[in-house]
Amino acid sequence: MMDANLRELYQEIILDHSRHPRHFGPLADANHVAEGFNPLCGDRVKVYLKVDEAGRIAEANFEGRGCAISVASASLMSELLKGRTVEQAEHLMGGCLKLVKGEAVDDLAGADRETLEVMAGVSAFPMRVKCATLAWHAMKSAL
């Protein structure tokens, strides 16, 4: 069970990313783009990635509309992806999916786990799991 102070901090981080999303807006020189749509709630996201010749994500942006969880998750994802290989990005996605489903995550590095841990509270609301994972699935489609 998560401590109340930690839960409050995580909620503040989600609200901050929702109100002030990082890397929001189209990416003119993106070479990988995909859209995601959640028909249950109407959330929409478009993920823009610029993958360099070495297979690293040089830039990651997104745009769209959705609930606080959906936007915050996309914002956190866009921050985490920069500089990662495609394989590392997919590994992060796997960790995020486990966290929001309330499953054990043993294979995420400390800083990555700490960043994504804010989404773990979503597991208490199964209907919101799709909101939290929408941008991640769009990122995977883009790659």
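The structure presented is a predicted model; accordingly, all values stated were derived computationally and were not measured.

1. Details of the overall build of the protein
- For the protein, the helix and strand inventory stands at 5 helices and 3 strands.
- Along the protein, from the amino end to the carboxyl end, the secondary structure elements read α-β-β-β-α-α-α-α.
- Rg of the C-alpha trace for the protein: 14 Å, near the compact-globule value of 15 Å for 143 residues, within the 12% margin.
- For the protein, the spread of C-alpha atoms along the principal axes amounts to about 45 × 30 × 25 Å.
- In the protein, which comprises 143 residues, the share counted as buried stands at 41%.
- Taking the intrachain contacts of the protein between residues at least 6 apart in sequence as the baseline, contacts between residues at least 24 apart amount to 57%.
- For the protein, the accessible area works out to roughly 7600 Å², and carbon and sulfur atoms hold 52% of it.
- The protein carries 16 positive and 20 negative side-chain charges, and their two centres are separated by 5 Å.

2. Remarks on the packing of aromatic side chains
- For the coordinates displayed, the defined rule picks out 1 aromatic pair.
- Relative to Phe62, the ring of Phe24 has its centre 5.2 Å away and its plane inclined at 85 degrees; by these criteria the two rings are edge-to-face. Pair noted here: Phe24 is in the loop between helix H1 (4-19) and strand E1 (32-38) and Phe62 is in strand E3 (residues 57-65), with a separation of 38 residues, a long-range link.
- Exposure remark for Phe24: the relative accessible area of 44% places this residue in the partly exposed category.
- One cation-aromatic arrangement involves Arg44 over Phe37; the distance from NZ or CZ to the ring centre is 4.1 Å.

3. Observations concerning the environment of Gly95
- When you line up the elements, Gly95 lands in helix H3 (residues 86-100).
- Classification of Gly95 as buried rests on a relative accessible area of 2%.
- Sequence separation between Gly95 and Pro39 is 56 residues; the distance between their C-alpha atoms is 24 Å.
- Beyond its immediate stretch of four places on either side in the chain, Gly95 contacts Val105 and Leu108.

4. Looking at unusual backbone geometry
- At His23, a position not held by glycine, the phi torsion is positive, near 55 degrees.
- Among the residues examined, His23 registers a relative accessible area of 31% and is labelled partly exposed.

5. So, the side chain of Glu117
- On the secondary structure map, Glu117 appears in the loop between helix H4 (110-116) and helix H5 (129-142).
- Apart from the residues within four sequence positions on either side, Glu117 is in contact with Tyr10 and Leu99.

6. Considering the side chain of Thr133
- Mapped onto the fold, Thr133 is located in helix H5.
- Beyond its immediate chain neighbours, meaning those up to four positions away, Thr133 contacts Leu97 and Val100.

How each quantity is defined
- Residues numbered from 1 in each chain as written.
- Predicted model: local features only at pLDDT ≥ 70, side-chain atom pairs only at ≥ 80, totals over all residues.
- Heavy atoms only, no water.
- Helix = DSSP H or I, 4+ residues; strand = E, 2+ residues; numbered from the N terminus.
- Rg over C-alpha atoms; globule rule 2.2 N^0.38 Å.
- Buried < 20%, exposed > 50% of the residue type's maximum accessible area, 1.4 Å probe, protein only.
- Contact = heavy atoms within 4.5 Å.
- Areas by Shrake-Rupley, 256 points an atom, 1.4 Å probe, with all protein chains shown as cover.
- Lys, Arg positive; Asp, Glu negative; His and termini not counted.
- Charge placed at Lys NZ, Arg CZ, Asp CG, Glu CD.
- Phe/Tyr/Trp six-rings, centres within 6.5 Å; stacked < 30°, edge-to-face > 60°.
- Lys NZ or Arg CZ within 6 Å of the ring centre and 35° of its normal.

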